[in-house]
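Each chain, letter by letter, is given below.
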Amino acid sequence: MSSMILSTKLFAQVSPAPLVSIPSHDAFFNNLKALCGKSFQGQVIVDNAPPSSFNTSKLVMHVRKCTDRELQIPFHVGDNASRTWIITKTGSGLSLKHDHRHEDGSNDASTMYGGHTVDAGWPQVQSFPADQYSKELFIEQGIPQSIGNTWQMYIYPEKFTYRLTREGREFRVDFDLTKKIANPSAPWGYSD
C-alpha cells in the first residue's frame, strides 16, 4: 500500500513539459502580440501576378485573438473575410498557418497551409518555408509551383509586412501601424 501512495504522490507532482522557445522567436511573437485588439490598413507593394482583388480592395489586418501560444490575425480583402493567419509557438519555433473559410464558415479545400521557421530569424523578421502538409496539399490542389513558397512577416514600429515568395512569384502587402482603424467584423467561421 505504501508504494501505491508513493506512486500517487509522484504523479501528483509532475507538471506539463515547458513550451521552450528562443529569444528571437519570443520577441517577434511579442511584438505582434503587442498589437492585439487593433486593426490596420494595408496596400499591395509588390505583386507580379495578374491584377486581382488584392490590388483593388481595402486590405485590413486585425490582430484579433492573442494567447501566450497563439495569435489569430484575420486578413480582410474588401468584403472577403475568408482568411486568418494563425501564428503558433510550437516548442521548436513558430508556425504560420492560413485558415481559409467559406462565407458559411465551412473550411475551404485549401486551408491550413503554411510553414514553420527553420532558423532563429530576428525579432523583427521571421520566414516560414512551406511545410510538408502544405506541399502535399498544393500538389493535390494542382498548384505544385507553390511547394517552393516561403512566407515572411516583418514587424517594425511603423510597418507590418506580409510577403510571399517563390521562384517567379512575389507578393507583398505593407500595413501602416501608425494609423489604427475600426476593427472589422469577425472573419468567416469565427464569432465575436
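Just above sits the structure.
Scope of this entry: the structure provided in the associated data block.

**Observations concerning the state of the cysteines**
Okay, step 1: Evaluated as defined, the whole model comprises one disulfide.
Okay, step 2: The partner cysteine of Cys-36 in its disulfide is Cys-66, sulfur to sulfur 2.2 Å. Handedness here is read from the sign of the S-S torsion; for Cys-36 and Cys-66, about 110°, the answer is right-handed. One end of the pair, Cys-36, is in the loop between helix H2 (23-33) and strand E1 (39-47); the other, Cys-66, is in strand E3 (residues 65-66), with 30 residues separating them in the sequence.

**Some thoughts on the side chain of His-76**
Okay, step 1: With respect to the secondary-structure elements, His-76 resides in strand E4 (residues 70-77).
Okay, step 2: Leave out the neighbours within four places in its chain, and His-76 touches Lys-58, Leu-59, Val-60, Ala-81, Pro-184, Ser-185 and Pro-187.

**Some words on the environment of Glu-167**
Okay, step 1: Inspection of the secondary structure puts Glu-167 in the loop between strand E10 (159-166) and strand E11 (169-181).
Okay, step 2: Taking the C-alpha atoms as reference, Glu-167 lies 27 Å from Ile-73; in sequence the two are 94 residues apart.

**Digging into helix H4 (residues 132-140)**
Every α-helix carries 3.6 residues per turn, so stepping three or four residues along brings you back to the same face.
Okay, step 1: Every buried residue of H4 is listed here: Ser-134, Leu-137 and Phe-138. Down the axis of H4, the sector holding all buried residues measures 100°, keeping them to one side. Exposed and facing more than 90 degrees away from the buried side of H4 are Ile-139 and Glu-140.
Okay, step 2: After H4 finishes, the residue Gly-142 shows a positive phi value of roughly 80°.

**Topic: unusual backbone geometry**
Okay, step 1: Its identity is not glycine, yet Met-112 carries a phi of approximately 60°, on the positive side.
Okay, step 2: With respect to the secondary-structure elements, Met-112 resides in the loop between strand E6 (94-100) and strand E7 (113-116).

**Observations regarding the pattern of salt bridges**
Okay, step 1: Summed over the entire model, instances satisfying the criterion amount to nine salt bridges.
Okay, step 2: The residue Lys-89 makes a salt bridge to Asp-26 at a minimum N-O spacing of 3.0 Å. Placement of the pair is Lys-89 in strand E5 (residues 80-89) and Asp-26 in helix H2, with a sequence separation of 63 residues.
Okay, step 3: Taking relative accessible area as the criterion, Lys-89 reaches 16% and is therefore assigned buried.
Okay, step 4: For Asp-26, a relative accessible area of 23% translates into the label partly exposed.
Okay, step 5: The structure contains a network of salt bridges with shared partners spanning Lys-159, Arg-172 and Asp-174.

**Digging into H2**
Okay, step 1: Regarding H2, the residues found buried are Ser-24, His-25, Phe-28, Phe-29 and Leu-32. One side of H2 carries all its buried residues, which in axial view fall inside an arc of 130°.
Okay, step 2: Next to the buried residues of H2 lie E4, E5, E6, strand E8 (125-129), strand E9 (150-156) and E10.

**A look at the pairing of E9**
For a regular strand, side-chain orientation follows a simple rule: the groups alternate between the two sheet faces.
Okay, step 1: Among the seven residues in E9, five count as buried, and that is most of the element.
Okay, step 2: Two strands pair when backbone bridges link them, and E9 and E10 are joined in this way by seven bridges, in the antiparallel orientation. Within E10, the residue paired with Tyr-156 across the bridge is Lys-159.
Okay, step 3: The turn linking E9 back onto E10 is made up of two residues.

**A few points about the side chain of Ser-146**
Okay, step 1: Secondary-structure assignment places Ser-146 in the loop between H4 and E9.
Okay, step 2: In this view, Ser-146 contacts Phe-138 and Arg-166; residues no more than four positions away in its chain are not counted.

**Examining the packing of aromatic side chains**
Okay, step 1: Here the structure, examined in full by the defined rule, presents 12 aromatic pairs.
Okay, step 2: Summarising the aromatic geometry, the rings of Trp-85 and Tyr-162 are spaced 4.6 Å apart at their centres and angled 10° between planes, so their arrangement reads as stacked. Taken as a pair, Trp-85 in strand E5 and Tyr-162 in strand E10 lie far apart in primary sequence, 77 residues in all. Of the two residues examined, Trp-85 and Tyr-162, each falls in the buried class.

Reading the values: rules and limits
- Within every chain, residues take consecutive numbers counted from 1 along the sequence as written.
- Given that the model is predicted, a residue must reach a pLDDT of at least 70 before its local features are reported, and side-chain atom pairs must reach 80 or more before they are shown or counted; all residues, however, enter totals for whole chains, interfaces and linings.
- Side-chain measures were taken over the full set of non-hydrogen atoms in the model, leaving aside hydrogen atoms and water.
- The rule for a disulfide is simple: a pair of cysteine sulfur atoms within 2.5 Å.
- Numbering of helices and strands runs from the N terminus, with a helix taken as a DSSP run of H or I at least four residues long and a strand as a DSSP run of E at least two residues long.
- Whether two residues touch is decided by their heavy atoms; if any such pair falls within 4.5 Å, the residues are in contact.
- Three exposure classes are used, based on accessible area relative to the maximum for each residue type with a 1.4 Å probe and protein chains only: buried under 20%, partly exposed in between, and exposed over 50%.
- Relevant arc is that of directions from the helix axis to the C-beta atoms, nothing else.
- The working definition used for a salt bridge is a side-chain nitrogen of Lys or Arg within 4 Å of a carboxyl oxygen of Asp or Glu.
- Paired strands, in this sense, are two strands between which DSSP finds at least two bridges.
- Two rings from Phe, Tyr or Trp (for Trp, the six-membered ring) form a pair when their centres are within 6.5 Å of each other. A pair whose planes differ by under 30 degrees is stacked, one over 60 is edge-to-face, and the rest are tilted.

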